[in-house]
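Summary of the model geometry
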Amino acid sequence: MRLTIKAKLIAAFAAVIILSAVSMGIALMNLGALNASFSAAMEGNVKRIQLASDLEVSTLKVARDEKNLILTQDPAAIATLVGQMDAEIDAVHTDTATLRELSSEAGKPLVDKFGADYDAYLVQHAEVRRLSTLNLDAEAFALASGKAAEVRAASVARLDEIVALNNTQLNDAIAAAEALYGSSSLLLTALLVGSTITAVSAAAVIIVGISRGLGKISQVVSAVAIGDLDQNIEIKSNDEIKDLVATVNVMTGNLRATAAIADRIADGDLTVEPKP
């Protein structure tokens, strides 16, 4: 099989281009995976943690206004507190529904448990309101500080579990992203080294082949220049250098034949005929 210098160059450049294309493809694919992981973390875990924190703040506001309701006797203030608590409870229900919708399969049961616990708290909260409207402030305060606070604390504990779960998932996502980055860096480095070695090796092989061929040709031409016509070059490559070597061998062969004819004529043999 004839492998010319041009073919060798094309093969070397093709190998380097393929390795570079593979490197770029892997880089783009892994960048996409990292972007997806980041987006999932921001739209999922981080948002769920924020919602859980907002829910805890809302439950604290309801508990605060509940105690203020017991302490106040002003009808206008009572009406304001009732309106505030209703709005805060609505916000809790809305945020709970949003949190469940955004939650993973592992997180949905925790959100459901929070909802159940908070509904149990609202039963106690309604009783605190009823006692307060009857001016049974001592009983209302005892319930708000006792059973109602206990049930609300249980619901807040569910929120803490939700935050802990999402923090764990977030840490896992970060670890996975770091592992992907590390493996991608290693692979891209290996491909870069591979393409560099391929280019350098191909260049070295081509340069060495050309240098050896031209070196042998130079030796023959120098020998011929001083009258040594018994030169013949042998080369293993099958490219343009071999073609040049073959031409030089033909030239030296012709020169030997011409010199032999000249010697015979010089010896007095005039019957010889030079060949073109």
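Before reading on, note that the structure itself is shown above.
Thresholds applied
- Residues numbered from 1 in each chain as written.
- Predicted model: local features only at pLDDT ≥ 70, side-chain atom pairs only at ≥ 80, totals over all residues.
- Heavy atoms only, no water.
- Helix = DSSP H or I, 4+ residues; strand = E, 2+ residues; numbered from the N terminus.
- Expected span 1.5 Å × (residues − 1).
- Buried < 20%, exposed > 50% of the residue type's maximum accessible area, 1.4 Å probe, protein only.
- Salt bridge = Lys/Arg side-chain N within 4 Å of Asp/Glu carboxyl O.
- Polar contact = N/O pair within 3.5 Å; in protein donor to acceptor, adjacent residues only side chain to side chain.
- Contact = heavy atoms within 4.5 Å.
- 1 Å grid on protein atoms, 1.4 Å probe; cavity = no way out; pocket = protein on both sides within 12 Å on 5 of 7 lines; lining within 4 Å.
- Points joined across faces, edges and corners; volume = space filled by probe spheres on them.
- Nonpolar A, V, L, I, M, F, W, Y, C, P; charged D, E, K, R; others polar.

As for helix α2 (residues 75-102)
- Between the first and last C-alpha of α2 there are 41 Å, a value that for 28 residues agrees with the 40 Å anticipated at 1.5 Å per step.
- What α2 keeps buried is the set Leu 81, Met 85, Glu 88, Ile 89, Val 92, Asp 95, Thr 96 and Leu 99.

Focus on the pattern of salt bridges
- Enumeration over the complete set of coordinates arrives at six salt bridges.
- In this structure, Asp 86 engages Arg 129 in a salt bridge whose closest nitrogen and oxygen atoms are separated by 2.8 Å. Residue Asp 86 is found in helix α2, and its partner Arg 129 is found in helix α3 (residues 108-133); the two are separated by 43 residues along the sequence.
- Judged by relative accessible area, Arg 129 falls into the buried class, the value being 18%.
- The network of salt bridges with shared partners includes Asp 117, Arg 158 and Glu 161.

A few points about the side chain of Arg 129
- A distance of 2.8 Å separates a polar atom in the side chain of Arg 129 from a polar atom in the side chain of Asp 86.
- Each residue touching Arg 129, except ones within four places of it in the same chain, is listed here: Leu 69, Val 82, Met 85, Asp 86 and Ile 89.

With respect to the layout of surface pockets
- When its volume is computed, the largest pocket comes out at roughly 250 Å³.
- Contributing to the lining of the largest pocket are 16 residues, with Val 208, Gly 209, Arg 212, Ile 235 and Ser 237 lying nearest its centre.
- Every element with two or more residues in the lining of the largest pocket is listed here: α1 (5-71) and α5 (147-225).
- If you tally residues by element for the lining of the largest pocket, the top one is α5, at eight residues.
- For the lining of the largest pocket, the per-class residue count stands at seven nonpolar, three polar and six charged.

In short, shape yes, function no, at least from these values alone.
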